[in-house]
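A closer look at the structure
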Amino acid sequence: MDVLQAIVLGVVQGLTEFLPISSSAHLLIVPKLAGWPDPGAAFTAVIQLGTMLAVVIFFWRDIVRILWTWARSLWTPELRGHLDARMGWYIGLGTIPIGVAGLLFKDAIEGPARNLWLNATFLIVFGLLLLLADQWGRKKKEVADLGMRDGLVIGAWQMLPLIPGASRSGSTMTGAMFLGYTREAAARYSFLLSVPAVVLSGLFELRHVGGGVPVTPTVIATVVSFVVGYASIAWLLRYVAKHSTVLFVAYRVFAGAFLLTLLALGVVSS
């Protein structure tokens, strides 16, 4: 992998990690179309640390407040009903499903799940699910309305993106909107929920850097993904506050159908 490829893949990661269009699928598709080698699941997981740093910096006040209130609530019963204390539990417990599934199905995730036929299909199917949630969801609940049941259900939706094409942000936003949350609340909780899962995944895959994963291109791609990712968060929160997710759904369906066509014609291999 050269510097140009690292920069392009960093931009792709930064743009697609937070938009509900699947970063992992795009990190598979773009190299295929460009004739580059598959960067691999480990590279994808590591450069996600750049976009997670963007989340941490963007929401640092929320994260510090949640962690501080949650920690104090462990020995201060009066704080246990506070939203920030409850958010600490919801985010922590909501991370367990993806953590368990990631370890149990690690080999499948790094192998068969990276098949482009499957990824293209998931782009379309989960795009349509996102549309259904946006159209049918009541969109009345805010983050302050989050309870244990909803936190765990949304956390379970976070397991789906272990297969590229589902989209982590798209899946959790879909689950939240089906439960009646507004688009902005769904996006905000999706970002906060992503931090433990993606950071742990990236740290777990750091063991491959210098072995199967090249050091310099990975560092470059991670830095680029951070810069682009920060801008993407700010833009998406403003966008979903006033617009539906139809734009993203249309893109997903077009991208999935285009990729299926290329696969059927033999232009790219799965």
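Above this text is the structure in question.
Notes on the structure follow. Everything numeric here is computed off the predicted structure, so don't read it as measured data.

1. So, the nonpolar core
One finds Val-55, Phe-59, Met-87, Tyr-189, Phe-191 and Ile-233 to be the most contacted residues of the largest nonpolar core, which totals 38 residues. Of all elements in the fold, only helix H3 (41-58), helix H4 (60-73), helix H5 (83-104), helix H7 (116-136), helix H9 (168-178), helix H10 (183-205), helix H11 (215-240) and helix H12 (246-265) reach the threshold of two or more residues within this core. When neighbours within four sequence positions are excluded, Ile-233 is seen to be in contact with Phe-18, Ala-54, Val-55, Phe-58, Phe-59 and Phe-191. Residues Leu-116, Ala-120, Leu-262 and Leu-263 belong to the second largest nonpolar core, which totals 11 residues.

2. Considerations on the layout of surface pockets
Estimates place the volume of the second largest pocket at around 250 Å³. Together, Val-56, Ile-63, Ile-66, Leu-67, Trp-70, Gly-88, Ile-91, Gly-92, Leu-192, Val-195 and Pro-196 line the second largest pocket. Going through the elements one at a time, H4, H5 and H10 are the ones with two or more residues in the lining of the second largest pocket. By residue class, the composition of the lining of the second largest pocket is 9 nonpolar, 2 polar and no charged.

3. Quick look at a nonpolar patch on the surface
A cluster of nonpolar side chains, namely Leu-74, Trp-75, Trp-89, Met-148 and Leu-152, defines an oily patch on the protein surface of about 530 Å² accessible area. Mapped onto the elements of the fold, Leu-74 is located in the loop between H4 and H5. The partly exposed category is assigned to Leu-74, whose relative accessible area is 43%.

4. Describing the packing of aromatic side chains
Summed over the entire model, instances satisfying the criterion amount to 11 aromatic pairs. Taking the centre distance of 5.6 Å and the plane angle of 70° together, the rings of Tyr-239 and Phe-248 count as edge-to-face. Accessibility classification places Tyr-239 together with Phe-248 in one group, the buried group. Here the aromatic residues Phe-18, Phe-58, Phe-59, Phe-191 and Tyr-230 are joined through ring pairs into a cluster of three or more.

Basis of the calculations
Residues numbered from 1 in each chain as written. Predicted model: local features only at pLDDT ≥ 70, side-chain atom pairs only at ≥ 80, totals over all residues. Heavy atoms only, no water. Core = buried A, V, L, I, M, F, W, Y, C linked by side-chain atoms within 4.5 Å. Buried < 20%, exposed > 50% of the residue type's maximum accessible area, 1.4 Å probe, protein only. Helix = DSSP H or I, 4+ residues; strand = E, 2+ residues; numbered from the N terminus. Contact = heavy atoms within 4.5 Å. 1 Å grid on protein atoms, 1.4 Å probe; cavity = no way out; pocket = protein on both sides within 12 Å on 5 of 7 lines; lining within 4 Å. Points joined across faces, edges and corners; volume = space filled by probe spheres on them. Nonpolar A, V, L, I, M, F, W, Y, C, P; charged D, E, K, R; others polar. Patch = residues over 30% accessible without salt bridge, like charges linked within 9 Å, V, L, I, M, F, W, Y side chains within 5 Å. Areas by Shrake-Rupley, 256 points an atom, 1.4 Å probe, with all protein chains shown as cover. Salt bridge = Lys/Arg side-chain N within 4 Å of Asp/Glu carboxyl O. Phe/Tyr/Trp six-rings, centres within 6.5 Å; stacked < 30°, edge-to-face > 60°.

These results come straight from atomic positions and should not be treated as a statement about function.
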